[in-house]
Structure formats: C-alpha cells, structure tokens
Amino acid sequence: MTKYLISFPSEAMVVTGEQLAAASVDSHAVIEEAKAAGVYVFGGGINEPVAPVLVAADGSVSEEIYPGSRLNGGFAVLELPTREEALKWAAKLARACRCSQELREFMYDPAS
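Note that the coordinates shown come from a computational prediction; the quantities given were computed from them, not determined experimentally.

*Asks:* Please give an account of the overall build of the protein chain that cites residues and values.
*Replies:* Across its full length, the protein chain carries two helices and six strands. Starting at the N terminus, the α and β elements of the protein chain follow one another as β-α-β-β-β-β-α-β. By principal-axis analysis of the C-alpha atoms, the protein chain measures approximately 40 × 40 × 20 Å. For the protein chain, the proportion of its 112 residues judged to be buried stands at 24%. Partitioning the contacts of the protein chain with sequence separation of at least 6, the portion at a separation of at least 24 is 81%. Separation between the mean location of the 9 positive side-chain charges and that of the 15 negative ones in the protein chain comes to 8 Å.

Here's what the structure looks like:
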C-alpha cells in the first residue's frame, strides 16, 4: 500500500462563513469515511498563527525558513492500494472542502 498526501493551501478555500461551516462538516464526514474504510493515516490543518522555524543539523534554531518554502492549509495522509483510489479520495475531499486538492505520493520506505 502507498501513502498519499491530499492537501490544499489556505488561499484555495474561497468560501463564505456559511460555506466554511458546511465544508467543515462535509470534510469531517469524508475523514470519518476514510477511517471506517481503514485508509486514514493522519490529517489536519496547519496552525498558521504559529510561525515555522528552521532547525539546523547542529540543533540551532532560526526563524528564517528555506526560500520559497510555504506550507499552510489542510491535509490528509491516506494509505491506498492504487493511485486511482487516491484520485477518488482526493475528489471526495475537493467536493467536501469546496476547493481543489493537490495529490502527492510518498516514496516507499520499508522502515516506515
């Protein structure tokens, strides 16, 4: 089985307050469906008010991050047998969240 990241940046979700409430209910329903199907690994939203930091190999911490690095919005990691299945789940989340989702495949790692 392969793990897939399904995600969207915050700016992709252009909805009214009422639509946001409905999207929250609908997206949580999709996550519950994924849990029931046994494909859910982990998910959530990035806590954007908390600034990221860069931790160097020597353990030092800097408020500067890699140039161009930006991660916000929400995501889910699902473990699925095929890319076609991953596309189906991404479509379910896109409908629920009312915005397009990016689909990325994790490389296989026998230690994980």
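*Asks:* Any details on a nonpolar patch on the surface? Residues and values, ideally.
*Replies:* Taken together, the side chains of Val53, Val55 and Val61 define a hydrophobic patch exposed on the protein surface, amounting to about 270 Å² of accessible area. Along the polypeptide, Val55 turns up in strand S3 (residues 54-55). With a relative accessible area of 54%, Val55 lands in the exposed category.

*Asks:* Give me unusual backbone geometry: which residues, what numbers.
*Replies:* Positioned with a positive phi, Arg98 is a non-glycine residue whose angle comes to about 65 degrees. Examined against the element boundaries, Arg98 turns out to sit in the loop between helix H2 (83-97) and strand S6 (102-105). Exposure remark for Arg98: the relative accessible area of 36% places this residue in the partly exposed category.

*Asks:* Can you explain the nonpolar core? Please cite residues and give values.
*Replies:* Among the nonpolar cores identified, the biggest contains 15 residues, and Ile6, Leu78, Leu80, Trp89 and Leu93 are the most heavily contacted of them. Residue assignment for this core shows that the elements contributing at least two residues are strand S1 (2-8), helix H1 (17-37), strand S5 (74-80) and H2. Residue contributions to this core peak at five residues, all from H2. In this view, Leu80 contacts Met1, Thr2, Tyr4, Val39, Glu85, Ala86 and Trp89; residues no more than four positions away in its chain are not counted.

*Asks:* Give me the layout of surface pockets: which residues, what numbers.
*Replies:* In this structure, the largest pocket encloses a volume near 360 Å³. The wall of the largest pocket is formed by 19 residues, among which Phe8, Ser27, Gly44, Gly74 and Cys97 lie closest to the centre. If you list the elements that add at least two residues to the lining of the largest pocket, you get S1, H1, strand S2 (40-45), S5 and H2. Looking at the lining of the largest pocket element by element, the count peaks at six residues for H1. Taken together, the residues of the lining of the largest pocket break down into eleven nonpolar, eight polar and no charged.

*Asks:* If you had to explain the environment of Gly43 to someone new, which residues and values would you point to?
*Replies:* Tracing the sequence through the fold places Gly43 in strand S2. Once the C-alpha coordinates of Gly43 and Lys3 are considered, the two residues, 40 residues apart in sequence, prove to be 12 Å apart. Apart from the residues lying within four places of it in its own chain, the contact partners of Gly43 are Phe75 and Ala76.

Rules and cut-offs
- Residues numbered from 1 in each chain as written.
- Predicted model: local features only at pLDDT ≥ 70, side-chain atom pairs only at ≥ 80, totals over all residues.
- Heavy atoms only, no water.
- Helix = DSSP H or I, 4+ residues; strand = E, 2+ residues; numbered from the N terminus.
- Buried < 20%, exposed > 50% of the residue type's maximum accessible area, 1.4 Å probe, protein only.
- Contact = heavy atoms within 4.5 Å.
- Lys, Arg positive; Asp, Glu negative; His and termini not counted.
- Charge placed at Lys NZ, Arg CZ, Asp CG, Glu CD.
- Patch = residues over 30% accessible without salt bridge, like charges linked within 9 Å, V, L, I, M, F, W, Y side chains within 5 Å.
- Areas by Shrake-Rupley, 256 points an atom, 1.4 Å probe, with all protein chains shown as cover.
- Salt bridge = Lys/Arg side-chain N within 4 Å of Asp/Glu carboxyl O.
- Core = buried A, V, L, I, M, F, W, Y, C linked by side-chain atoms within 4.5 Å.
- 1 Å grid on protein atoms, 1.4 Å probe; cavity = no way out; pocket = protein on both sides within 12 Å on 5 of 7 lines; lining within 4 Å.
- Points joined across faces, edges and corners; volume = space filled by probe spheres on them.
- Nonpolar A, V, L, I, M, F, W, Y, C, P; charged D, E, K, R; others polar.

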